[in-house]
Amino acid sequence: TEVGIWREKQIDPTWGVFGGVSAHFDQARNLRPGGSRSGWHYQLGATVGWSEWKIQPRLSVLRWHSSDVFSPGLIDVVRMHNLTQLALQMSRPVSQGQKVVIDWRIRNARDTVPLFSYQGQSLAVYWQFER
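Keep in mind it's a predicted model, so treat the numbers as computed, not measured.

> In this structure, what is going on with a nonpolar patch on the surface? I would like to understand it.
Side chains of Leu59, Leu86, Trp104, Ile106, Leu123 and Val125 sit close together on the surface and give an oily, nonpolar patch of about 550 Å² of accessible area. Sorting the residues of the nonpolar patch by element identifies β6 (98–111) and β7 (118–129) as the ones contributing at least two each. Examined against the element boundaries, Ile106 turns out to sit in strand β6. A relative accessible area of 30% means that Ile106 is categorised as partly exposed.

Structure below.
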């Protein structure tokens, strides 16, 4: 379950901002080590028009913690996970109903269970069809 607030504001035809905050709860039903999870998700970004490009930088922070110890007797910690993501998406129309999209993301995940901590980057380039 996730409940939150999202707001977008177009300042002028080439500039806008967006952001939101949400609370979430994930019930494990005794099927996951550490039990249920709860936490917060924050996002903030902007939309900028430059020539024919639409550019969207975005910062996203997800924080949650589990309700129980991860693995009693083996890993005796409550999981606390912090995922920070910085994304930059650029898109440009190619023809009517089609655009090219470039999406670059940097992720940094910190966790009290070291197995789930990581850093990574991804780059995706794709062609998008719209109706």
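Now that the structure has been shown, we can carry on.
> For this particular structure, what's the right way to read the packing of aromatic side chains?
In total, this model carries two aromatic pairs according to the counting rule given. Arranged with centres 5.8 Å apart and planes meeting at 75°, the rings of Phe70 and Phe116 form a pair that is edge-to-face. Highlighted residues: Phe70 in strand β4 (residues 53–71) and Phe116 in the loop between β6 and β7, separated in sequence by 46 residues. For Phe70, a relative accessible area of 14% translates into the label buried. By relative accessible area, which is 28% here, Phe116 ends up partly exposed. For the cation-ring pair, Arg79 lies above Phe116, with the distance from its terminal atom to the ring centre recorded as 3.8 Å.

> Just to check I follow, could you spell out the pairing of strand β3 (residues 37–50) for this structure?
Where a strand is regular, its side chains alternate between the two sheet faces. Alignment of strand β2 (residues 15–26) against β3, held across twelve bridges, turns out to be antiparallel. The residue bridging Ser22 from the neighbouring strand is His41, located in β3. In sequence, β3 turns back onto β4 through a hairpin of two residues, with Ser51 there showing a positive phi of about 55°.

So, how was this worked out
- Residues numbered from 1 in each chain as written.
- Predicted model: local features only at pLDDT ≥ 70, side-chain atom pairs only at ≥ 80, totals over all residues.
- Heavy atoms only, no water.
- Patch = residues over 30% accessible without salt bridge, like charges linked within 9 Å, V, L, I, M, F, W, Y side chains within 5 Å.
- Areas by Shrake-Rupley, 256 points an atom, 1.4 Å probe, with all protein chains shown as cover.
- Salt bridge = Lys/Arg side-chain N within 4 Å of Asp/Glu carboxyl O.
- Helix = DSSP H or I, 4+ residues; strand = E, 2+ residues; numbered from the N terminus.
- Buried < 20%, exposed > 50% of the residue type's maximum accessible area, 1.4 Å probe, protein only.
- Phe/Tyr/Trp six-rings, centres within 6.5 Å; stacked < 30°, edge-to-face > 60°.
- Lys NZ or Arg CZ within 6 Å of the ring centre and 35° of its normal.
- Pairing = 2+ DSSP bridges.

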